[in-house]
Structures are given as C-alpha cells and as structure tokens.
Amino acid sequence: MATTTESPLDSFLTTLDRVGASSGTHPDVLKLMRKPQRILQVELPLERDDGSLEIFHGYRVQHNDVRGPYKGGVRFHPHVALDEVTALAAWMTLKTAVVDIPYGGAKGGITVDPTDLSDRELQRLSRMFVERLGTAIGPNRDIPAPDVNTNAQIMAWFTDEYSRLHGESGHAEAAFTGKPVVLGGSQGRESATGRGGLFVLLEYLRSQDITDLTGMTIAVQGFGNVGSYFASLADQAGFTIVAISDAEGGTYHPQGADISQMVTARNQAGKLDTNVCYPKLGVEAVGATQDDCEPISNEDLLKLEVDILVPAAIENQITATNVADIKAKYVLELANGPTTPAADESLAKRNVSVIPDILANAGGVTVSYFEWTQNLQNLYWSQDEVNTKLEAKMKQATNEIIAMQKEGGGTLREAAYRLAIKRIEAAMLLRGWAHPRGEDSVGHVNGNT
Ligand code: NAD
C-alpha cells in the first residue's frame, strides 16, 4: 500500500546493506537477513452474501525466527503486495531485536478493501485465512496481531477459528495477540503502540535536555489506532497537537486541537469530519468559528512548521519529492517505513532527528509479548502493570540506541539497525547458522584445538 513507486523492500535492503557493511557484520548473517525464511501465499475464495464467488489473495511472510517464534501483524488493504509484506516482516525481525523480546519477525495481509465487505463476509474471510495458514502459525511458531484495518474483533475470529481447528491443546489464546480483553487480550494493548511512541519521544527529548513541553507542536498523519492514541496521550502530556488527518485529509488547528473531542466525534461518525473545528481551551466545538481551524491535505500536513512530525498511517510519505519542504525538527515514525532512504539522508544532512519506526512503534509488539506471556501463564496483569513494564522497555531501548549512536555515529535509524543486527548476529552464531570468522563451529580457534 505504498503510495509512491518506491519499494519498501528496497528501503529495507538499502539500509541493511549500508549498516551491515559499515558495522563489520558477518557477511553470512547479512545474507540470511536479506531473504525471508518462508513465504506463504494463499487463495481465499469467499462466497459473498449475494451468493457470488470472489477470490482474494493472502500472504504470510516469515522473515526470521533465530531469536524466537515469528511475530507480526496482519493488514487488510487493497494495496497489500508481496514486496510490502516482505519488508514489513523484515522490519519486525529488527524491531523485536531492538526491544529485546524473544521473537523473530513476520507479517501478513490480504489484498482486500474491508469496507467493501459486510461483517459476515469479513468474518468468513478472516476465518478462511487462519484455516489456510494451517500449522504455519501457532503460539510457539508464528503469532499474528492487528495492523492496518484489522482489530481486536478480527483477532477474536482468528482465535476462535484456530481453537476450532486445533482444539484445546492448541493453546489458541496464545496464538494471536491484540485480542479483546474478555478473550485473553492484555490490558493496554490497544493503546500500546501510541503510548510506546510517546515514551520513546519523551525519553529522546530528555536526552536532548528538553523537558518543558509547553508550546511544542505536533502534526500527526493518520487517525487510526496508532495515530489517535498517540495524539490523545501526547495532548494529555502537554504537547499541542495542531494537525491530524486520515486517508481523506485532515484539519489544521493553529492554536491546538482538542483531541479527546475529535476522537469522540470520529467514533460517532466513523470518520474524521474535516469541516468541524475542535479548538482547545474549552471552546464548544459547535460554537467554534472557521478561524479556529482549516482543512488540510495529507501532503500539506507533512510540510507544516511544527516541532514534531508524526507519520502514523502508511509507507513512503516523506520522499525525495517532498523532503525539502519538511520543516519539523523531529520525525517520530509511528507508521512502518514512512521515510524513504533518500529522504532519510536529506533529513540527516539538515540535522532533523528521525526516531525510526523499529524503535518508535515497537510498543505494540512489546505489549503483544506481554499478552502472550500472560496467556501462557494464565495470569493477568493490571493496566498499570502493563504500562509500567512498557515504559521501562521503551526507555531502555531508546537509551541503548542513543548510546549506540554516540559510540558509532550515524543516524538513529542506523544505530537502531546496528543494535538489532548485533543481537540477531549473536543468536545466529550461537545457533551455528553462521560460523564465527577464524573459528570452527564450536568456537575453537582453528588449529588451536
Ligand atoms: P489503522 O487502520 O487503525 O489506521 C490507519 C490510519 O491511516 C487511518 O486513519 C487511515 O484513514 C489513515 N490512512 C490510510 N491511508 C492514508 C493515506 N494515504 N494518507 C493518510 N492517512 C491514511 O492502522 P494502525 O494500526 O493505526 O496502523 C498505522 C501504522 O502504524 C501502519 O504503518 C502500521 O503498520 C503501523 N503500526 C501499527 C501497529 C499496531 O499496533 N496497530 C504497531 C506498529 C506499527
């Protein structure tokens, strides 16, 4: 679903090769990282409510499991394609290593516009996807989660179908994360990606000696799960959210928007109404004047003069074409792959700090890990416990990446890749997937055994 012709997989490979070469990574480790271990493609013949048959295409790409079972979301979108799913799966391998949780990386998707389907059709399609993936997924093998256009309800259907197929011994509740709380989901999972992103942002700003958030402005592209939770929490933390958008465009509130009112209105209407103003400071929304806000396109939102730009929608939003117009000082990548390598380079030259996706949005998979561990133990944690553990994980990963950047230079993205690759390399060497250079496979120096 990338919106330019740039390939997300090329973006991943470009950065992997650059960081791998400059950090002296074992060449066999890089070879293994370049290719996914397994690609599953399934045809999904769906009987529509009117009796007609439509065939959809589904994917599950299992990139790497050297550090633990495959882990990653499933998206439903008309532009889902193999190149994109493969890149997203590879980024999951890096992301789980960045936050040091015992998983590998995977991603899945169905090429479908879910808004064209009735609820019953969506349920049949979701169940069929799980059925067709068969034994390739499971609590110790590959654990899917929500992503673009999938949610707790879809995870509930996935879980139910999995238990129907595998019975009690299948531990179905641990086979998926992002489930509704009543079906074994974790407190705090729904807000985890946005909340984790805020923890990372605050910790990064703190490292720059910025603790006074008064007047710091943020523009958020994307008003789905990730964008809306992040915007609400950042608003509560003291930032001023001046712009927010969904696929059809957004609104610009120069003095700041009341995000909680916008979320309520969005939940009622099902989408963001860009003709209504929600100014902060307690002005009644209906009484607001046109001067309080103006509609803004997704392209123009990216170019606003704000302190922090937060892409939270889809890939390839900041590209060689628009990078010169980006005025933010910080970019917090809550979406996966929103900045192309060329744009990244240009932002680095201008000293714009890009907090990379594999760190910024890792809160989701971190709480997915908490959900899985709770399921396996059948022992459940409070929301406070989850949020406290999440904060600790996100702060630790942020500080490790800052330290890595201080030590080896380069951008935060390069430092995050270095940290992840180092952990993946250690696991590959220990498992014997690659052999230590100058040593035999059990670690003895050649000739000296
Ligand atoms: P979502 O489906 O809940 O929301 C997506 C939002 O993006 C919607 O507001 C949609 O209208 C908007 N959008 C779609 N196309 C757009 C376009 N062309 N321009 C502007 N906005 C557009 O999805 P989500 O779960 O919030 O995921 C958003 C991003 O965060 C994705 O890149 C996803 O991979 C990433 N992510 C999600 C999670 C998670 O836990 N859900 C975790 C890590 C990363």
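Scroll up to find the structure this text is about.
Residues numbered from 1 in each chain as written. Predicted model: local features only at pLDDT ≥ 70, side-chain atom pairs only at ≥ 80, totals over all residues. Heavy atoms only, no water.

Engineer: So what exactly am I meant to see when it comes to the sheet that holds strand S3 (residues 70-77) here?
Structural biologist: On the basis of which strands lie adjacent, the open sheet formed by five strands has the order S1-S2-S4-S3-S5 and mixed pairing. Unpaired on one side and paired on the other, strand S1 (38-47) and strand S5 (142-146) mark the two borders of the sheet. Adjacent strand axes in the sheet meet at a mean angle of 20°, parallel and antiparallel pairs treated alike. Of the strand pairs in this sheet, S3 and strand S4 (residues 105-111) are connected by four bridges, and their pairing is parallel. Residue pairing for S4: valine 74 is matched across the bridge by glycine 108. (Pairing = 2+ DSSP bridges. Helix = DSSP H or I, 4+ residues; strand = E, 2+ residues; numbered from the N terminus. Axes fitted to C-alpha atoms, helices over the stretch in contact; angles between N-to-C directions.)

Engineer: Teacher, can you tell me more about the pattern of salt bridges here?
Structural biologist: Side chains that differ in charge, positive against negative, can pair when their charged atoms come close. Applying the stated criterion to the full structure yields 26 salt bridges. Glutamate 414 is the partner of arginine 18 in a salt bridge, and the nearest nitrogen-oxygen pair spans 3.0 Å. Of this pair, arginine 18 sits in helix H1 (residues 8-22) while glutamate 414 is found in helix H14 (residues 412-431), placing the two residues 396 residues apart along the sequence. Classification of glutamate 414 by relative accessible area gives buried; the value is 18%. Residue aspartate 100 pairs with arginine 67 through a salt bridge whose shortest N-O separation is 2.6 Å. Of this pair, aspartate 100 sits in the loop between helix H3 (82-98) and S4 while arginine 67 sits in the loop between strand S2 (53-64) and S3; the two residues are 33 residues apart in sequence, bridging distant segments of the chain. Given the relative accessible area of 36%, aspartate 100 is considered partly exposed. Since its relative accessible area comes to 17%, arginine 67 is described here as buried. The network of salt bridges with common partners includes Arg75, Glu84, Lys107, Asp147 and Glu315. (Salt bridge = Lys/Arg side-chain N within 4 Å of Asp/Glu carboxyl O. Buried < 20%, exposed > 50% of the residue type's maximum accessible area, 1.4 Å probe, protein only.)

Engineer: Help me out: how do you make sense of helix H12 (residues 363-377) in this one?
Structural biologist: Spacing of three or four residues puts side chains on the same side of an α-helix, whose turn is 3.6 residues. Taking 1.5 Å per residue, 15 residues should reach 21 Å; H12 reaches 21 Å between its end C-alpha atoms and fits that length. With 13 of its 15 residues buried, H12 lies for the most part within the structure. (Expected span 1.5 Å × (residues − 1).)

Engineer: Would you explain the packing of helix H2 (residues 27-34) against H14 in this entry?
Structural biologist: Angle between the axes and distance between the axes: these two values describe a pair of packed helices. Axis separation between H2 and H14 bottoms out at 10 Å; the angle between their running directions is 105°. Judged by the angle between their axes, H2 and H14 are roughly perpendicular. Contacts between H2 and H14 involve Val29, Leu32 and Met33 from the former and Ile424, Glu425 and Met428 from the latter. Of the residues contributing to the contact of H2 with H14, the split by class is five nonpolar, no polar and one charged. (Parallel < 35°, antiparallel > 145°, perpendicular 65-115°, else oblique. Contact = heavy atoms within 4.5 Å. Nonpolar A, V, L, I, M, F, W, Y, C, P; charged D, E, K, R; others polar.)

Engineer: When you look at the state of the cysteines in this model, what are you seeing that I'm missing?
Structural biologist: By definition, a disulfide links the sulfur atoms of two cysteine residues through a covalent bond. Counted according to the given criterion, the structure contains one disulfide. Covalently, cysteine 277 is tied to cysteine 293 through a disulfide, its sulfur atoms 2.1 Å apart. Residues cysteine 277 and cysteine 293 are joined through a disulfide that is left-handed, its torsion about the S-S bond being -80°. Placement of the pair is cysteine 277 in the loop between helix H8 (259-269) and strand S9 (294-296) and cysteine 293 in the loop between H8 and S9, with a sequence separation of 16 residues. Note on cysteine 277: relative accessible area 4%, which makes it buried. (Disulfide = S-S within 2.5 Å.)

Engineer: What is the right way to look at the sheet that holds strand S11 (residues 330-332) in this model?
Structural biologist: Paired through their backbone hydrogen bonds, the strands of a sheet run either parallel or antiparallel. Spatial ordering of the open sheet is given by S9-S8-S7-S6-S10-S11-S12, a layout of seven strands whose pairing is mixed. The open sheet has two edge strands with one neighbour each: S9 and strand S12 (353-355). Averaged over all pairs of adjacent strands, the angle between strand axes in this sheet comes to 20°, irrespective of strand direction. In terms of strand pairing, strand S10 (residues 308-311) meets S11 through two bridges, oriented parallel. Counted as the bridge partner of isoleucine 308 is tyrosine 330 from S11.

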